Amino acid sequence: MLKRMMLTVLAVMLVLAIAACGSDGGNGNSSGGGPSSAGSGGSGSSGGSGGQAAKKVVLEYWHTYSDAEEKVLLEEIKPLFETEHPNIELNITRMPYEGLKQQVIAGVAGGAAPDLMRMDIIWVPEFAKLGALQKVNELDGFEELKAQLFEGPMSTNYYNGDYYGLPLNTNTKVAIYNKKVLESVGLSNPPTTMQELADVSRQLVKDGKLPGIGISGVHAWALLPYFWSLGGKLTNDDFSQVEGYLNSPESIQAVETIAAWHEEGLIIPAVLGGEPSTWDGMKKHEYLMIDDGPWFYSILMGEASEEFDVLRDTVRGLIPAGPAGSHSVIGGENLVIFTGSKHTEEAWTFARWMLGEEPQKIMSKVGMIPTNIKAANEPTFLEVPYMKEYVEQLETALPRTPNPQWGEMEGIFNLAVEKVLRGESDVTTALNQATQQIEAILKE
């Protein structure tokens, strides 16, 4: 009851914002339908009397796929699923990303949420805390399905002891090196350790060139691969405690290493907003290394020129290993079922099916990295010139803390590291203060 009241209050507060965003013709990466077709919308699964055929259950599914991705969803995924499950029909609605979270909150509060949704991984714990999402670990076949999926992406659905969704598609970042800059220091293969990367960067600086450690900014998405690989931790393994982890000796040493690199001038200028940007530095053959997701290749492959061809002029590697190994950060979207769905059984049938090997292979044709381990290691998928390293990196990639307060936690972490890099605080003080602030948030 309390959760319903919370959602209702939130919905009322957001009415004007939603009206301003609109639901027709979205901005940003997505466009298309609004909530006019929302709600369970199904006609039930019970058959009629007098020989009347059973009516189909209609599942409402909201998504934010791109044009190309939606085409595959509508023309291949939907007909295949409905052929295999003739009692279920998918009513698929593409949602504009701008203002989407507010629309979902309002939909949940007003009983107009869909049955399922492709949801940003960072939103899952927030909606789970509000009681808006089904605990999928209580549904039939969960453990068997979980064993077929990458552990890191799966963990983005974890909150307070339960799982509230399934990892629908995933991504991560790998190290990307400029071949010409590598060759300029006598290397044909990229560094494999943080120490090697630092040594190469020192050589570049000594030669009067730009530094080579490609940390692109002072924010978690940019910092965490280095922080984790160097031995740092944000929380304990179940994400419930910060004290003794963010301010542990290992975390302090990790940030001290990054700060020492910065003081020595080994990190690219982009770390604090300098020029060139990461992509420009790579395209102009000025940066040795950056880290980025597969979109770096899928986008720049269409811009190949004599000056820079992304496949010809770069080589990929895992994030260089530190004392804790090689770790990157996980992105992507999860598939969730709302508690208001009148068709949980059918929604779970679709969710399990979508995480199966064949549907995951189908979606991989448009660059979606499968979360199903077998589909991700399918030879034809790995033939994509740049994909092998991303799939390998997923084996050790880690999630940003799946917590409803992650946004606040990240802001505190970012500020702590920025203060250190700008010389406004020592590492121990900054991380102790950040730990205290985050612990206070977690206790709210």
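See the structure above.
Thresholds, definitions, all that
Residues numbered from 1 in each chain as written. Predicted model: local features only at pLDDT ≥ 70, side-chain atom pairs only at ≥ 80, totals over all residues. Heavy atoms only, no water. Helix = DSSP H or I, 4+ residues; strand = E, 2+ residues; numbered from the N terminus. Buried < 20%, exposed > 50% of the residue type's maximum accessible area, 1.4 Å probe, protein only. Areas by Shrake-Rupley, 256 points an atom, 1.4 Å probe, with all protein chains shown as cover. Axes fitted to C-alpha atoms, helices over the stretch in contact; angles between N-to-C directions. Parallel < 35°, antiparallel > 145°, perpendicular 65-115°, else oblique. Left-handed = near helix turned anticlockwise from the far one by under 90°. Contact = heavy atoms within 4.5 Å. Nonpolar A, V, L, I, M, F, W, Y, C, P; charged D, E, K, R; others polar. Polar contact = N/O pair within 3.5 Å; in protein donor to acceptor, adjacent residues only side chain to side chain. Phe/Tyr/Trp six-rings, centres within 6.5 Å; stacked < 30°, edge-to-face > 60°. Lys NZ or Arg CZ within 6 Å of the ring centre and 35° of its normal. Lys, Arg positive; Asp, Glu negative; His and termini not counted. Salt bridge = Lys/Arg side-chain N within 4 Å of Asp/Glu carboxyl O. Pairing = 2+ DSSP bridges.

Next up on the list: the overall build of the protein. On a plain count of helices and strands, the protein comes out with 19 helices and 10 strands. For the protein, buried positions account for 53% of its 444 residues. Working note: accessible area of the protein is about 18900 Å², and carbon and sulfur atoms make up 50% of it.

This brings us to the packing of helix α10 (residues 249–264) against helix α19 (residues 427–442). Close contact between α10 and α19 brings their axes to 10 Å; oriented N to C, the two are set at 125°. In terms of orientation, α10 and α19 fall into the oblique class. Along this stretch, α10 crosses α19, giving a crossing that reads as right-handed. Across the interface between the two elements, Ser251, Ile252, Val255 and Glu256 from α10 touch Val427, Thr428 and Leu431 from α19. For the contact of α10 with α19, the per-class residue count stands at four nonpolar, two polar and one charged.

The next thing to look at is the environment of Arg316. Here Arg316 lies in strand β9 (residues 314–317). Here Arg316 falls in the buried class, since its relative accessible area comes to 15%. A distance of 3.3 Å separates polar atoms of two side chains, one belonging to Arg316 and the other to Tyr297. A polar contact is formed between the side chain of Arg316 and the side chain of Glu389, at a distance of 3.1 Å.

Turning our eyes to something else, we now look at the packing of aromatic side chains. Using the criterion set out here, one finds 13 aromatic pairs in the structure. Aromatic side chains Tyr61 and Phe350 sit 5.4 Å apart centroid to centroid with 65° between the ring planes, which places their arrangement in the edge-to-face category. Here Tyr61 is found in strand β1 (residues 57–63), whereas its partner Phe350 is found in helix α13 (residues 344–354), with 289 residues between them in sequence. Its relative accessible area of 0% is what places Phe350 among the buried residues. A ring pair is formed by Phe142 and Tyr163, whose centres lie 5.4 Å apart and whose planes are at 40°; its orientation type is tilted. Residue Phe142 is located in helix α5 (residues 142–146), and its partner Tyr163 is located in strand β5 (residues 162–163); the two are separated by 21 residues in the primary sequence. Taken together, the aromatic side chains of Tyr61, Phe81, Phe350 and Trp353 make up a single cluster linked through ring pairs. Sitting above the plane of the Tyr65 ring, Arg118 keeps its charged end 4.0 Å from the centroid. Over the aromatic face of Tyr297 sits the side chain of Arg316, whose NZ or CZ is 5.0 Å from the ring centroid.

Further remarks concern the side chain of Asp120. Tracing the chain through its elements places Asp120 in strand β3 (residues 116–120). Although Asp120 lies buried, it forms no salt bridge, and the closest oppositely charged side chain, Arg400, sits 5.5 Å away as judged by the N-O distance. Looking at Asp120, its side chain comes within polar contact range of the main-chain nitrogen of Ile122, at 3.0 Å. With near-sequence residues (within four places) excluded, Asp120 lies in contact with Tyr97, Gly332 and Glu333.

What follows is about the pairing of strand β7 (residues 174–178). Most of β7 is tucked away: five of the five residues are buried. Of the strand pairs in this sheet, β7 and strand β8 (residues 289–292) are connected by four bridges, and their pairing is antiparallel. What sits directly across from Ile176, in β8, is Ile290. Bridge count for β7 against β9 is four bridges, and the pairing is antiparallel. Its bridge partner being in β9, Ala175 is matched across the sheet by Gly317.

Quick look at the sheet that holds β1 now. Taken in spatial order, the five strands of this open sheet run β2-β1-β3-β10-β6, and their pairing is mixed. A single partner strand is all that each edge strand has here, and the edge strands are β2 (88–94) and β6 (166–171). Pairwise comparison of adjacent strand axes, ignoring direction, gives a mean angle of 20° for this sheet. Where β1 lies against β2, seven bridges are found, and the strand directions are parallel. Its bridge partner lying in β2, Leu59 is registered against Leu90. Its contacts with the sheet put helix α2 (residues 67–84) on β1 and β2, and the angle it makes with β2 is roughly 170°.

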